[in-house]
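Fold and geometry: a report
For reference, the chains in residue letters:
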Amino acid sequence: MSKFWSAVVHGLTPYIPGEQPKLNNLIKLNTNENPYGPSPKVIGALQAEAADTLRLYPDPNSDQLKAAIADFYEVEPVQVFVGNGSDEVLAHVFQALLKHEQPLLFPDITYSFYPVYCGLYGIEYKTIPLNDAFEIVVEDYKQPNGGIVFPNPNAPTGRLLSLAEIERLLKANTESVVVIDEAYIDFGGESAISLVDRYPQLLVTHTLSKARSLAGLRVGYAIGHIDLIDALNRVKDSFNSYPLDRFAIAGAVAAVNDKAYFEETRHKVIATRGNLVSRLESLGFEILPSGANFIFAKHAVRDGAELTAKLRERSIIVRHFKNPARVVPYMRITIGTDAQCDALVDALKDILA
Ligand SMILES: *Cc1c(COP(=O)(O)O)cnc(C)c1O
């Protein structure tokens, strides 16, 4: 605390990211990174970018990347917004599109950055409880609101809402923006991007951090009606002209264009998830159905915090959340390689013995 701080800073409750330990040889299953490296084509593109041209500013509009994303999803480049990670994209979305008279709605158990953005931008919000099965219930969002946002699949539960349910929500909610944060959609869901041309209030956000193995490059994007994208561009151009540097643009273009690698790695993660779920179930874990590259698991009798601590002693880190009370028994476990998941299962067998 300092007398030099603005009132806004005094009032902030910052987001706490999952730990990035400095130790080597840890099995890191705590922040939903991809266990496979990025496409070799990304590495090649980054190496080619390490050149004299770094003295020049990058393209402020990242046009080449927008064109690649538009091509991949069969939308127009003007329907695409890009930013420094989807966290930055979301921050602009909150400020540009979700700050209104009525409260913003999001689930009580969800990505914990959402209330942080509300604090930063002074946005009123109301949380809507998930049901007892940790599902988002569309009916519960049929109330006056200044916007709706949730991840699909939801985090940290991994539960997926069908595209039909999302469309039902869009039909009922036409007067405010609906943001679907699809950070994990490529691990088992159907993207709502197919609906953006029919629903001008829909904005879908994606990240290259998870399914495209580029958490270290910081690239995210949003797709929606041109009027929504226009609002985001106005905020971005009032904040930072160059959110994506030359490496980010080149690497992201290569990642989006390498469809074969993307398909191969996401399917490997999906297969490992299925395998891990059945092995953990046989150890007495209850696991929510997951459409993501992580699972939310609780043991029949053992405590989530205790298991997390015991795994850590064995150099395996998973994520445990202390609130709300309903999630305390659970661990959120990122899907690693088959070998990492084998090590996790062995460690749990040992702990539970
Ligand atoms: C990981 C994650 C993000 C942030 O992704 P970045 O692009 O790395 O900033 C956004 N939303 C959810 C739900 C996430 O889990």
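Placed above this text is the structure.
Along each chain, residues carry numbers from 1 onward, in the same order as the chain's sequence is written. The predicted nature of this model means local features are confined to residues of pLDDT at least 70 and side-chain atom pairs, given and counted, to a pLDDT of 80 or more, with totals for whole chains, interfaces and linings taken over all residues. The side-chain values count all of the structure's non-hydrogen atoms but skip hydrogen atoms and water molecules.

**Side note on the overall build of the protein chain**
Secondary structure assignment for the protein chain yields 11 helices and 12 strands. The C-alpha radius of gyration computed for the protein chain amounts to 20 Å, which stays within 12% of the reference 20 Å derived for 353 residues, consistent with globular compactness. Along the first, second and third principal axes, the C-alpha atoms of the protein chain reach 60 × 50 × 50 Å. Counting over 353 residues, the protein chain shows a buried share of 53%. Long-range contacts, defined as pairs at least 24 residues apart, comprise 72% of the intrachain contacts of the protein chain with a sequence gap of at least 6. In this description, accessible areas are obtained by the Shrake-Rupley approach with a 1.4 Å probe, and a residue is regarded as covered only by the protein chains that are shown. For the protein chain, the accessible surface area stands at approximately 16000 Å², while carbon and sulfur atoms represent 53% of it. The positive count covers Lys and Arg only, the negative count covers Asp and Glu only, and His and the chain ends enter neither. A charged residue contributes its charge at one atom only: NZ of Lys, CZ of Arg, CG of Asp or CD of Glu. Here the protein chain contributes 34 positively and 42 negatively charged side chains, and the mean placements of these two sets differ by 5 Å. Under the scheme used here, helices are H or I runs from DSSP no shorter than 4 residues and strands are E runs no shorter than 2 residues, and both carry numbers assigned from the N terminus. Restricting the calculation to C-alpha atoms gives the radius of gyration, and the globule rule supplies 2.2 Å times the number of residues raised to the power 0.38. Working definition: with a 1.4 Å probe on protein chains only, accessible area under 20% of the residue-type maximum means buried, over 50% means exposed, and in between means partly exposed. Contacts are assigned to residue pairs that have any heavy atoms within 4.5 Å of one another.

**Focus on the pairing of strand S4 (residues 125–128)**
One face of the sheet, then the other: side chains in a regular strand alternate in exactly this way. Strand pairing follows a simple DSSP-based rule, namely that at least 2 bridges must link the two strands. With four bridges connecting them, strand S3 (residues 104–107) and S4 associate as parallel partners. Pairing of Phe106 across the sheet is with Thr127, part of S4. Crossover S3 to S4 through helix H5 (residues 113–121) is right-handed. Here the term right-handed applies to a crossover when the path leading from its first strand over the helix to its second strand runs clockwise, the strands being oriented away from the viewer.

**Remarks on the site of the ligand**
By convention in these notes, a residue is near a molecule or strand provided one of its non-hydrogen atoms lies within 4 Å of it. Taken together, 13 residues lie around the ligand, and Ser86, Tyr184, Thr207, Ser209 and Lys210 are the ones closest in. A 3.5 Å cut-off defines polar contacts: any pair of N or O atoms within that distance qualifies, except that in protein one atom must be a possible hydrogen donor and the other a possible acceptor, and neighbouring residues in sequence count only when both atoms are side-chain atoms. Between Arg218 and the ligand, the recorded distance is 2.7 Å, taken from a side-chain N or O atom to an oxygen atom. Relative to its unbound accessible surface of 380 Å², the ligand loses 92% to contact with the protein. For the shell around the ligand, the element with the highest residue contribution is helix H4 (residues 85–97), accounting for four residues. Taken together, the residues of the shell around the ligand break down into five nonpolar, four polar and four charged. Three classes are used, and their members are as follows: Ala, Val, Leu, Ile, Met, Phe, Trp, Tyr, Cys and Pro are nonpolar, Asp, Glu, Lys and Arg are charged, and the others, Gly among them, are polar.

**Some remarks on the side chain of Ser213**
Within the fold, Ser213 resides in the loop between strand S7 (202–207) and strand S8 (220–224). By relative accessible area, Ser213 is classed as buried at 11%. Polar side-chain contacts of Ser213 include one of 3.0 Å to the backbone oxygen of Tyr36. In contact with Ser213, not counting residues within four places along its chain, are Asn34, Tyr36, Gly37, Pro38 and Leu208.

**Section: the packing of aromatic side chains**
Stacked, tilted and edge-to-face are the three classes applied to pairs of Phe, Tyr and Trp rings, where Trp contributes its six-membered ring and a pair requires centres within 6.5 Å; stacked means planes under 30 degrees apart, edge-to-face means over 60, and tilted covers the rest. Following the criterion strictly, the structure yields 17 aromatic pairs and no others. An angle of 65° between the planes, with centres 5.7 Å apart, marks the rings of Tyr15 and Tyr111 as edge-to-face. Of this pair, Tyr15 sits in the loop between helix H1 (7–10) and strand S1 (27–28) while Tyr111 is found in the loop between S3 and H5, placing the two residues 96 residues apart along the sequence. Relative to Phe262, the ring of Phe72 has its centre 5.9 Å away and its plane inclined at 80°; by these criteria the two rings are edge-to-face. Of the two residues, Phe72 is situated in helix H3 (residues 63–73) and Phe262 in helix H9 (residues 259–282); the sequence distance between them amounts to 190 residues. Across this residue pair, the class does not change: Phe72 and Phe262 are buried.

**Some words on the packing of H4 against helix H7 (residues 226–236)**
Across the interface, H4 lies against H7 with an axial gap of 9 Å and an inter-helix angle of 105°. When the interaxial angle is binned, H4 and H7 end up roughly perpendicular. Listed contacts from H7 to His92, Val93, Gln95, Ala96 and Leu97 of H4 are Leu228, Ala231, Leu232, Val235 and Lys236. Residues of the contact of H4 with H7, tallied by class, amount to seven nonpolar, two polar and one charged. Axis geometry follows a simple rule: fit a line to the C-alpha atoms, using only the stretch in contact for helices, then measure angles between N-to-C directions, giving values from 0 to 180 degrees. Oblique is the label for any angle not under 35 degrees, not over 145, and not in the 65 to 115 range, which are roughly parallel, roughly antiparallel and roughly perpendicular in turn.

**Details of the environment of Gly147**
As for its position among the elements, Gly147 is in strand S5 (residues 147–151). You can call Gly147 buried: its relative accessible area is 0%.

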